[in-house]
Amino acid sequence: MVDFADDAQDLIAGYRRFRASRYREAKDIFHRLRDGQQPATMIIACADSRADPAMIFDAAPGELFTIRNVAALVPPYDNSGGLHGVSAAVEFAVTALRVKQILVMGHGGCGGIAASLAAAADRPVGQFIAPWVEIASSARDAVLKNPSLQPKDWQEALEHGAVGQSLANLMTFPFVRSAYERGELNLDGAWFSIGKGALHWRNPDTGAFSLVAAEDPDTDRDNKL
Ligand SMILES: [Zn+2]
């Protein structure tokens, strides 16, 4: 028998800390936001517990409209029906909230990306995970066929490549493309190194990721480790 009481108590204790500290600091913001939100940015990130966009971008309530899923993937536009949670969130962000920017953020050590690589090795993971991570299949095949990459490089290369695939898929949504072409919406990619706490930004022209300079003294040292 699993004892759930401790887990619930951890949540309740965290809520009490929130009320005593961050909520008190942001009380006015919450009050102002009670009737609606106007975030300028949508973030599409992984469900992974270690890569929390609100923490990484030090965001206040109301700043980031966020959807998180396995491997931070965006499926291509599909009007054949079905239950499309990511597509619904993108639609709301772009057509109702009129966000100015969508950031797709992958991360190091992504289990969803590992599942995509496992599927290519005939080891599909899960009833729902395996078909979901097939969204990244063409990026994965490009990684596997790249002669300059060793197998040890595949995971991170696909974490980067999947961000590019999701950005390309975003552009298949007619309302995304038209907002982009009107100059009202920008699309960006990023990748977060969990072990180093370091953000890497995607160059839209080359698809390469480069470290974002930070101002804390640990950053340079950590990235040399
Ligand atoms: Zn992940």
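Residues numbered from 1 in each chain as written. Predicted model: local features only at pLDDT ≥ 70, side-chain atom pairs only at ≥ 80, totals over all residues.

Peer 1: Talk me through the overall build of the protein; I want residue IDs and the actual numbers.
Peer 2: Secondary structure assignment for the protein yields eleven helices and six strands. For a compact globule of 225 residues, the expected C-alpha radius of gyration is about 17 Å, and the protein comes in at 19 Å, within 12% of that figure. Counting only C-alpha atoms and orienting by the principal axes, one finds that the protein spans roughly 55 × 45 × 45 Å. In the protein, which comprises 225 residues, the share counted as buried stands at 31%. Of all intrachain contacts in the protein linking residues separated by at least 6 positions in sequence, the fraction that spans at least 24 positions is 64%. (Helix = DSSP H or I, 4+ residues; strand = E, 2+ residues; numbered from the N terminus. Rg over C-alpha atoms; globule rule 2.2 N^0.38 Å. Buried ≥ 20, exposed ≤ 12 C-beta atoms within 10 Å, placed from the backbone. Contact = placed C-beta atoms within 7 Å.)

Peer 1: Just give me the short version of unusual backbone geometry, but keep the residues and values in it.
Peer 2: Within the chain, Ala 72 stands out as a residue other than glycine whose phi angle is a positive 55°. Along the chain, the position of Ala 72 falls in the loop between β2 (64-69) and α5 (85-96). Using a count of 33 C-beta atoms within 10 Å as the deciding quantity, one classes Ala 72 as buried.

Peer 1: Give a description of the domain arrangement of the protein that names residues and reports values.
Peer 2: Domain boundaries in the protein define domain 1 (1-36) and domain 2 (40-224). Here the C-alpha centre of domain 2 lies 28 Å away from the C-alpha centre of domain 1. (Domains from an automatic or database assignment.)

Peer 1: Tell me what's going on with the nonpolar core, and back it up with residues and numbers.
Peer 2: Ranked by size, the top nonpolar core spans 48 residues in total, and within it Ile 44, Ala 71, Leu 73, Val 104, Met 105, Val 133 and Leu 158 carry the most contacts. Of the residues forming this core, the biggest block, seven residues, is contributed by helix α9 (residues 151-170). In this view, Leu 158 contacts Ile 113, Ser 116, Leu 117, Ala 136, Ala 139, Arg 140 and Val 143; residues no more than four positions away in its chain are not counted. (Core = buried A, V, L, I, M, F, W, Y, C linked by C-beta atoms within 7 Å.)

Peer 1: Can you tell me about the pairing of strand β3 (residues 101-107), naming the residues and giving the values?
Peer 2: Taking burial as the measure, the seven residues of β3 include six buried ones, the bulk of the element. Note that strand β1 (residues 41-46) and β3 share five bridges and pair parallel. The residue bridging Ile 44 from the neighbouring strand is Val 104, located in β3. Bridge count for β3 against strand β4 (residues 186-193) is seven bridges, and the pairing is parallel. Its bridge partner lying in β4, Ile 102 is registered against Leu 187. (Pairing = 2+ DSSP bridges.)

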